[in-house]
Amino acid sequence: MKALVLAGGSGTRLRPFSYSMPKQLIPIANTPVLVHVLDAVRELGVTEVGVIVGGRGPEIEAVLGDGSGFGVRITYIPQDAPRGLAHTVVIARDFLGDDDFVMYLGDNMLPDGVAPTAEEFTRHRPAAHVVVHKVADPRSFGVAELGPDGEVLRLVEKPQQPRSDLALIGVYFFTPAIHEAVAAIEPSARGELEITDAIQWLVSSGADVRASRYEGYWKDTGKVEDVLECNSHLLDGLTARVDGHVDAGSVLVGRVVVEAGARVVRSRVEGPAIIGAGTVLQDSHIGPHTSIGRDCLVTDSRLEGSIALDEASVTGVRGLRNSLIGRAASVGTTGRGTDHHCLVVGDHTRVEVAA
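Treat the numbers as computed from the prediction; the structure is a model and nothing was measured.

The next point concerns the overall build of the chain. In terms of regular secondary structure, the chain is built from nine helices and 33 strands. Computed over the C-alpha atoms, the radius of gyration of the chain is 22 Å, within 12% of the 20 Å expected from 2.2 N^0.38 for a compact globule of 355 residues. Oriented by its inertia axes, the alpha-carbon framework of the chain measures out at about 70 × 40 × 40 Å. Taking all 355 residues of the chain together, 54% fall into the buried category. Here the analysis covers contacts within the chain between residues at least 6 apart in sequence; of these, 48% occur between residues at least 24 apart. Working note: accessible area of the chain is about 14,900 Å², and carbon and sulfur atoms make up 47% of it. Separation between the mean location of the 33 positive side-chain charges and that of the 46 negative ones in the chain comes to 4 Å.

What follows is the structure, encoded as C-alpha cells:
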C-alpha cells in the first residue's frame, strides 16, 4: 500500500499565519501537523508517500526532505491550483500505479490512528473504504448514509438537509478502482473534481464501498481555535522529560518537557507543557497546555493555553491566555500587563498590548 498526503491547500482560515507558512506546517505540541500525518501513515506500515503540494511546495520540502528522517520515502507531486481531492488522484496516477493506497488530508489530526480501518480494508479490499465521524452539523462536510453492515449507500457533499450525521473526515482507502471513477466524473459547481462524487460513482456502479466509524479524537486544524484545542489534547499525552537546564530557583509541576538547550530560570512551569530547544524562560510562569517553540525568549510573563512558534519573544505580559504567537514575533506591554485572551500575532510582527 502507498499513501497520498494532500498538502496543497492555501489555509485562508489560518491567516495571518498562512501568509508566511503553509498551514500544514503549523506546530501542534511543537511538531508540524504534516509530521504528525507522516507518523500516522508510517504506523500503518506504509513507507511510500506521495505528497501533493501547491505554491508552498519548497517550504514543505525544506521541512520534510526526502522523508528519510521520518521513516518514509517521499515523492512530491505538484498541483497547479486547487482542483479538488479527486484531481489529486488523477495527477498522482504515475506514482500510485496499480497499488492500493490511503489518501490522507494533510491538515487533519487523528491521534488515535486508523489502524483498525486499514486492517479491515486490507482484509476485504472493497473498492473504497472511508472513515466517518459523528458531527453536530454535517452541512459543512461530505456526508455518508450507511447500511446495517457498514456499506455506503449514498454520499452527498455539504447537504443542506443531511440524512446522516456521519461526516467524511479526510482519510480514505482505495483500490485501483478509484482511477476509473475519477476519470468518469465531471467538475462540481465550484469547478473541482470532488472525491465524494468519485466514491458515489463507485457506489452507483455497484462496487463495494465500506465505511468505518472513527470514535477517537479528530480535529481539522484549519482555524486558530482548532489548533489551540488540538495542541491541548496532544499535550495531555505528554511524558515528562528534562533535557535542558532548570535552575534551583525554578519549579516544574506535572508533565513538563524541557528540550535540549532550553533554560528555565527563576520560573514556574505547570504541565502539560513543552519548552522548546534553545528557548530561555526567565522570571515567568507557564501554565498548563502551553507549547513554547525553539529559540524563544519569555521574560517576566505568564502564558497559559497558548502556542509560541519558533524564535518568538514575550516580555512583561502577565496574563496571555489561549493565544497563538507567530514565528519571530514579539509581544510586549506598554506597562505592567494584565490578562489578554485570544491574542493572535502573525510571524515577524511586533505587538504591544495595553497594561
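Still more ground to cover, so stick around.
This structure, assessed with the given rule, holds zero disulfides. There is no disulfide at cysteine 296, and the cysteine sulfur nearest it, in cysteine 230, is 19 Å away. The class of cysteine 296 is buried, set by a relative accessible area of 3%.

With that settled, consider the pairing of strand S6 (residues 101–105). Within S6, five of the five residues are buried, which leaves it mostly tucked inside the rest of the structure. Neither face of S6 is exposed, since Phe101, Met103 and Leu105 on one face and Val102 and Tyr104 on the opposite face are all buried. Here S6 pairs with strand S11 (residues 166–174) via four bridges, running antiparallel. Bridged to valine 102 within S11 is phenylalanine 173.

With that out of the way, let us pick up the packing of aromatic side chains. Ring pairs (aromatic) are described by centroid distance and by the angle formed between their planes. As enumerated under the stated definition, the model contains four aromatic pairs in all. Look at phenylalanine 101 and phenylalanine 174: their rings are 5.4 Å apart centre to centre, the planes differ by 50°, and that puts the pair in the tilted class. Here phenylalanine 101, found in strand S6, pairs with phenylalanine 174, found in strand S11; they are 73 residues apart in sequence, far enough to count as distant. You'll find phenylalanine 101 and phenylalanine 174 in the same group, each marked buried. On the basis of an interplanar angle of 35° and a centroid distance of 5.6 Å, the ring pair of phenylalanine 121 and phenylalanine 173 is categorised as tilted. You can see phenylalanine 121 sitting in helix H6 (residues 115–124) and its partner phenylalanine 173 sitting in strand S11, a full 52 residues away along the chain. A relative accessible area of 0% means that phenylalanine 121 is categorised as buried. An aromatic cluster is defined as three or more aromatic residues linked by ring pairs; in this entry it consists of Phe101, Tyr172 and Phe174. A cation over a ring is seen here: lysine 2 above phenylalanine 95, with NZ or CZ 5.0 Å from the ring centre.

Reading the values: rules and limits
Residues numbered from 1 in each chain as written. Predicted model: local features only at pLDDT ≥ 70, side-chain atom pairs only at ≥ 80, totals over all residues. Heavy atoms only, no water. Helix = DSSP H or I, 4+ residues; strand = E, 2+ residues; numbered from the N terminus. Rg over C-alpha atoms; globule rule 2.2 N^0.38 Å. Buried < 20%, exposed > 50% of the residue type's maximum accessible area, 1.4 Å probe, protein only. Contact = heavy atoms within 4.5 Å. Areas by Shrake-Rupley, 256 points an atom, 1.4 Å probe, with all protein chains shown as cover. Lys, Arg positive; Asp, Glu negative; His and termini not counted. Charge placed at Lys NZ, Arg CZ, Asp CG, Glu CD. Disulfide = S-S within 2.5 Å. Pairing = 2+ DSSP bridges. Phe/Tyr/Trp six-rings, centres within 6.5 Å; stacked < 30°, edge-to-face > 60°. Lys NZ or Arg CZ within 6 Å of the ring centre and 35° of its normal.

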